[in-house]
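Residue-level structure breakdown
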Amino acid sequence: MNKQIRNIAIIAHVDHGKTTLVDTMLRQSGIFRANEAVVERVMDSNDLERERGITILAKNTALFFHDTKINIVDTPGHSDFGGEVERALRMVDGVVLLVDASEGPLPQTRYVLQKALAAKLPPVVVLNKIDRPDARPEEVLNEIYDLFIDLDATEDQLDFPIVYTNARAGVAHRKIGDDSRDLLPLFEAIVANIPPPTGDPAGVLQLQVTNLDYSDFLGRLAICRVFNGRLNRGEEVGISKLDGRLISTKITKLFTFRGLERDEAETVVAGDIVAIAGVEGIQIGETLTSLEDPAPLEPLIIDEPTLAMVFSVNSSPLSGREGNYVTSRDLRDRLAKELLTNVSIRVEDADTPESFRVLGRGELQLAILIETMRREGFELMVGKPEIVVRTENGKKLEPVERLVIDIPESFIGIIMETIGSRRGEMLKMSNHGSGRVRLDFKIPSRGLIGLRSQLLTDTRGTALIHSIFEGWMEYGGDMALRPTGALVADRPGVSTAYALWGLQERGELFIGPVIEVYEGMIVGENSREQDMEVNVTKEKKLTNMRSSSADEAIRLIPHRQLSLEQAIEFIADDEFVEITPKSIRLRKKVLQYNKRPRRWQEIRASQEAAN
Ligand SMILES: Nc1nc2c(ncn2[C@@H]2O[C@H](COP(=O)(O)OP(=O)(O)OP(=O)(O)O)[C@@H](O)[C@H]2O)c(=O)[nH]1
Ligand SMILES: [Mg+2]
């Protein structure tokens, strides 16, 4: 039973190829039967991950290389899911830092490397996608050295091994162009450079829960790193709870990882990563330890959330028609359940019993939660995302991000203007000679809300935008809000092509014909800065002759169907997004026109008119 073990996390910026690399590693280690059809990016197993092509949750797998078991944690690269990376790093003894050989290090590369260096985890550096025609591995390697130095890496840490890969084809090279045909150089680099786990199999039992998973057959699974001692099936052990209590539990089911499977185990020993089923109420960060001689481990410390959104019960006139879970109790229970597995989210009570303030790392993270909930049958409304501010030594602070934008040179002017209006400050401009430039900014997180869609419009979809939380700075005062008003339905009814046709010159419509609307529902974006009340239910006056043929002749400009994220980015302070399993609607917070407070734009417009 004296198996050799290596525990690694694969970390990188989004889309640099982590999950693809895990695929080919699993294939080549003989995890899959010959000819077994395996989907691409097999670790991206949940629906939203597959649909979006991104990893959202960190996941464990394991494979054997000769006699060595390699436990691998595949982590998400998108910055909003940084909490997943932070806890993955607790499980491992080293990291594979993957960098796209063409894109080079990007903000999330910096973030994950910083975390890995702080945890003193030795890296194996992998330059991936060397098959890309625009790959520039030598330059990128220099950028990686610069990044290490910038992050105050020690001499030791700078002495990292380098492997060049084409993850898709499953080939790794020690030197570019050598005749390797498989991932052997990568496996060897991992085994040679990542230290085996420390920990004493004869010591006091210490397992820490670093993740929770769910299986239809087994129920809740706690994923744990065994730091010390050995644990046997059937054993009675203590759980040191986060609040300091020690409660006893019996271990009925114990598993180790192998590929996509879990193998039942009789005994697990220090160094391994394991799953435990059947322990009620166990939470992330808790320690399983000896009952007689408890030795709890430090809880996980995760970066604080930077963005908040109010989630509330759907109070629209159309509420309850499409969802099964619509009450504040449903909402409260669901959010409480989310807290158990989602370490980087917090939930606070908001100012009414019908609403909750949900705090997270970014718009995408919260949008994924909302999307998951609507698929489960929830209806809810959410308000405009706001930045979390904090006060330190009497000073109001707000989060700042590092923003990297990659664009064709011709767009530099417009980008500088947009970012400037959001208080961004340029740190660096680099030109790779390919006609594209990379601009590095520091920008208050507030300035990022809604930025992505604007930049994509500004640059006709060509901008690559990456951002990452960097720290806190003194609060900079108000920032310009959405410059346009909304087209707001002035009465309930069903939209008609005739009415929409008359309105489409006023701005951009969000709905098409034959859509049920209510008073206060937003049906489009006004091209002016005020809100405008509109009647979208107007029917064409019928003459004696049937005029349906005339109606058919109406040609509507296709309306803009907002996705959940676009809707969240669009709304202003006095608006909500209403979400049901079937619909995404936008509305004013106050539905009735005569009760609705005026928006700042209208106030300003009327002041200007008076002068
Ligand atoms: N040309 C080329 N494409 C690759 C290579 N490795 C991965 N890709 C492609 O890059 C894209 C992203 O790959 P993923 O494996 O999902 O990237 P990831 O790092 O797991 O992404 P996140 O988990 O969302 O951060 C996919 O379309 C892959 O097919 C490679 O070596 N060469
Ligand atoms: Mg992935």
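Refer to the preceding data block for the structure.
The notes below deal with the structure included here.

Procedures and definitions
Residues numbered from 1 in each chain as written. Chains lettered and ligands numbered in written order. Predicted model: local features only at pLDDT ≥ 70, side-chain atom pairs only at ≥ 80, totals over all residues. Heavy atoms only, no water. Donors = N, O, S within 2.8 Å, 3.2 Å for Na, K, Ca; no water. Helix = DSSP H or I, 4+ residues; strand = E, 2+ residues; numbered from the N terminus. Buried < 20%, exposed > 50% of the residue type's maximum accessible area, 1.4 Å probe, protein only. Pairing = 2+ DSSP bridges. Axes fitted to C-alpha atoms, helices over the stretch in contact; angles between N-to-C directions. Salt bridge = Lys/Arg side-chain N within 4 Å of Asp/Glu carboxyl O. Parallel < 35°, antiparallel > 145°, perpendicular 65-115°, else oblique. Left-handed = near helix turned anticlockwise from the far one by under 90°. Contact = heavy atoms within 4.5 Å. Nonpolar A, V, L, I, M, F, W, Y, C, P; charged D, E, K, R; others polar.

Coordination angles at a metal have ideal targets, namely 109.5 degrees for four tetrahedral donors and 90 or 180 degrees for six octahedral donors. Distances from the magnesium ion (ligand 2) to its protein donors, namely Thr19 (OG1) and Thr55 (OG1), fall within the range 1.9 Å. Taken together, the residues span a long stretch of sequence, with Thr19 in helix H1 (residues 18-28) and Thr55 in the loop between helix H2 (47-52) and strand E2 (59-65) at a distance of 36 residues. No difference in accessibility class separates Thr19 from Thr55, as the two residues are buried.

To continue, consider the sheet that holds strand E13 (residues 253-258). Reading across from one edge, E12-E11-E17-E8-E9-E16-E13-E14 is the order of the eight strands in this open sheet, with antiparallel pairing throughout. The open sheet has two edge strands with one neighbour each: strand E12 (246-250) and strand E14 (261-264). Direction aside, neighbouring strands of the sheet carry axes that sit 40 degrees apart on average. Where strand E11 (residues 236-240) and E12 come together, five bridges link them in antiparallel fashion.

Right, let's get into the pattern of salt bridges. Think of it this way: side chains of opposite charge can pair up when their charged atoms draw near. In the structure shown here, the tally under the stated rule is 47 salt bridges. Residue Glu143 pairs with Arg136 through a salt bridge whose shortest N-O separation is 2.7 Å. Overall, Arg136 belongs to the buried group, its relative accessible area being 12%. Across the pair Arg491 and Asp490 runs a salt bridge whose closest N-O atoms are separated by 2.9 Å.

Quick look at the packing of helix H4 (residues 107-118) against helix H5 (residues 137-150) now. Their axes nearest at 10 Å, the elements H4 and H5 cross at an angle of 50 degrees. Classed by the angle they form, the pair H4 and H5 counts as oblique. Considering only the axes of H4 and H5, their crossing is right-handed. In contact with Thr109, Arg110, Leu113 and Leu117 of H4, H5 contributes Leu147, Phe148 and Asp150. Each residue belonging to the contact of H4 with H5 can be placed in one class, and the counts come to four nonpolar, one polar and two charged.

With that out of the way, let us pick up the sheet that holds strand E4 (residues 94-100). Hydrogen bonds along the backbone pair up the strands of a sheet, which may run parallel or antiparallel. Read across the sheet, seven strands follow the order E2-E3-E1-E4-E5-E6-E7 without closing on themselves; strand pairing throughout is mixed. Looking at strand neighbours, the two that pair on one side only are E2 and strand E7 (171-173), the edges of this open sheet. Strand-to-strand twist across the sheet, computed as the mean angle between neighbouring axes with direction ignored, equals 30 degrees. The pairing of E4 with strand E5 (residues 123-128) spans six bridges and is parallel. Following the sheet pairing, Asp100 is matched in E5 by Asn128. Strand contacts of helix H3 (residues 82-91): strand E1 (4-12), E2, strand E3 (68-74) and E4, with the helix running at about 160 degrees to E1, the strand carrying the most contacts. Running at roughly 150 degrees to E5, H5 makes contact with E4, E5 and strand E6 (162-166) of the sheet.

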